[in-house]
Amino acid sequence: MKPLKLRHLLIAELKFRWASSLMAILAVLVACACVCGSFIALKVYDKETQMSIGELQERSRERMEALESEARIFSKSLGFNIFIYNGSQELGDFYNTDTSTHFLTEQQADVLAKSGFELLNHHLPVLRERFHWKEYGGDVIIGGIKGEIFIKRKWQKPLEVELKPSEVHLGHALAKKLSVEKGAKVMVLGKSYDVTQVREHLGSKDDITLYMNLGDAQSVLNRPGQISGVLAISCNCAAGDVDPIRRGVQRLIPEADVVEFVVRSKARQQARQAVAKTSSAELKDISNSRGDLRLSLSRFSFLFSLFMGLATLVLLVFLYGSNANDRRGEISILKTLGLSTCSIYGLFFAKASVLSLIGCIVGVLLSCSISLCFIKPDLGISLLDFTPLAAIVIASGWAMSFLASWLPARSAVRQDPAVVLSEEG
Amino acid sequence: MLTVKNIQKSYTDSNEDVSVLKGIDLELKGGGIHAVVGPSGCGKSTFLLICGGLLQPSKGTVLVNDENLFELKGDERSKLRASLVGYVFQKFHLIPYLNIEQNILASSLSMPNENLEDRCKELVEELGLGHRLKHIPSKLSSGEQQRVALARALLNKPKILIADEPTGNLDTENGNAVFDIFKKFSDEGGLVLMATHDRELAKRADSIQSFDKGLLVSSI
């Protein structure tokens, strides 16, 4: 013979009134499953938003990278796009005559190169001047180049080859008129020079340009130490906006000025900026529209949970109340047998707790498992992700059930056994 | 053992005061079986409930072993009641989902520290319920159910047994069996206060307290 404990009473009563116990479990189960499901949907929506935005950002980044790369290739094919010259030089005259009236010096070019100024790359000092080449029998442009005196990264190749003293490159038109090829010799002011390259036909003034070593050009033109300016390539970050370059250069060479002369690279930069702007707007649009929908969903989840909670609370109060009414006789007899108020409260609360915990746990597990079947695997959501939500729903379900049992338990405790037993005979 | 002084009980029904007990004095010392008789509505059951500490009187005192029951707080009174008073009702009031063994042991729930399983075995043997221990009350006859109710009432070895129409739902044979148990209990020093309509049963009691219209009209 085993001693009788309150838990035996609880278990026996649960078995005896299994239908109403099952109803209470089902009420809690359905409520928990629905509430849990609605919040899982919200979580999945958040994850999808996160993924969409991530994908969009990635696509945008790839497009920007492609444009950057394209711009780099493009810029490189265009060659230099920045010209640093003496600010006193009238550019119109320079374009008309191909001859500088005001010069920079080689030392100034060196100062700029040594500064490592980050907005410029590939510094090429150049002396350019129209020259009457007697041996040629007409005017040509002499382009004196020294080779690039600054390249930002070691792995980058120079855009322009270095011309050694006594070496020249001939523009395509010059070579054609002189009928010379690579390896030939030409005379300039009585001095012999080796033709190391005949440049491709470009359809520009480059076709009538005689490229010489800078020192040789300065000697031929009698411009010792002077240069028309420095050709360079602006970094992509500054392309399209020459002001920061100008300010940086003028800090180092106060009398210098800067002009960006390749407009196509500017157009490319503007296109890049437009893409960036469009991507950002698209991102903002998606974020806003999904944010609005998220707000509506969360409002719905909240109201739905509130409604389910209240409906379940009412149903549980009814079920527990009806149970307390069914148990009037037995509670009265237990009170007559000396059972304390706490023990009677305990019987009701323990029953409510057991039923609600079963309902909550099964409901949450069902909801999570069913949801997992419908969630795309690439969202990377697992059962473990629902742990905090499950804990909150279970705790809320338990608290609600506890609350629902409060009034019936109170009425059971307060009932007068004498009245009940007299009524029942 | 049980002293009742000027017990009155009234209640209001449809704005009208109804007086159920109009001042009852009774002193029962030692054991014995005391029958409470009278017509229906004379206040027998109310008197028994007050004597057992289940119903608060409007006026008067109830002393059980010199302890004033209604000066105690609710749970203290329940505890005292559980240890001193046993109840038997006409409709048995067994708990429907507990088996017979558990129904008898239900009295032990208020005294969790006492080992009452041996006492339960003893009562089961004495009342001839051994073969029914694992059955639920609905499977038992009325006589068996009343014996289970008696075993439950006697489990805590009370000093007083209050029985309200204990044989009202039983045939003569079972009624006699119940009375024999009362007799044994009183012989061992217990006090039985029994409300009954059964005159033959009342005659076998040690005293008869006759009630009429809320008053104790005679005590034989």
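Residues numbered from 1 in each chain as written. Chains lettered and ligands numbered in written order. Predicted model: local features only at pLDDT ≥ 70, side-chain atom pairs only at ≥ 80, totals over all residues.

Before going further, it helps to spend a moment on the overall build of chain A. Of the regular secondary structure elements, chain A holds 12 helices and 11 strands. Scored against the burial criterion, the 425 residues of chain A give a buried share of 34%. Relative to all contacts within chain A whose residues are 6 or more apart in sequence, the contacts with residues 24 or more apart total 82%. (Helix = DSSP H or I, 4+ residues; strand = E, 2+ residues; numbered from the N terminus. Buried ≥ 20, exposed ≤ 12 C-beta atoms within 10 Å, placed from the backbone. Contact = placed C-beta atoms within 7 Å.)

For the rest of this paragraph, the subject is the overall build of chain B. When its secondary structure is counted, chain B shows 7 helices and 10 strands. Looking at chain B residue by residue over its 220 residues, the buried ones come to 50%. Contacts in chain B between residues far apart in sequence, at least 24 positions, make up 70% of those at least 6 positions apart.

This part is about the interface of chain A and chain B. Facing the 27 residues of chain A at the interface are 30 residues of chain B. In terms of residue class, the side of chain A that touches chain B is made up of 13 nonpolar, 9 polar and 5 charged. (Nonpolar A, V, L, I, M, F, W, Y, C, P; charged D, E, K, R; others polar.)

Backbone geometry places A:Leu189, a non-glycine residue, at a positive phi of 50°. Relative to the helices and strands, A:Leu189 is located in the loop between β6 (185-188) and β7 (191-198).

So, on to the nonpolar core. Counting 112 residues, the largest nonpolar core has A:Cys32, A:Cys36, B:Ala151 and B:Met194 as its most contacted members. Of the residues forming this core, the biggest block, 12 residues, is contributed by helix α2 (residues 18-78) of chain A. Among residues more than four places away in sequence, those in contact with B:Ala151 are B:Ile104, B:Leu123, B:Val124, B:Leu127 and B:Leu129. Listed in part, the 45 residues of the second largest apolar core include A:Val140, A:Ile142, A:Ile227 and A:Ala232. (Core = buried A, V, L, I, M, F, W, Y, C linked by C-beta atoms within 7 Å.)

Residues and elements named next belong to chain B. The 6 strands are arranged β6-β7-β8-β3-β9-β10 in an open sheet whose pairing can be described as mixed. A strand with exactly one partner marks an edge of an open sheet, and here the two such strands are β6 (85-89) and β10 (215-219). Neighbour-to-neighbour, the strand axes of this sheet turn through a mean angle of 20°, independent of strand direction. Summarising the sheet, strand β7 (residues 160-164) and strand β8 (residues 191-195) pair through 5 bridges and their orientation is parallel. Note that in β8 the partner of Ile160 across the bridge is Leu191. Relative to the sheet, helix α6 (residues 172-187) contacts β3 (32-37), β7 and β8, its axis offset from that of β8 by approximately 145°. (Pairing = 2+ DSSP bridges. Axes fitted to C-alpha atoms, helices over the stretch in contact; angles between N-to-C directions.)

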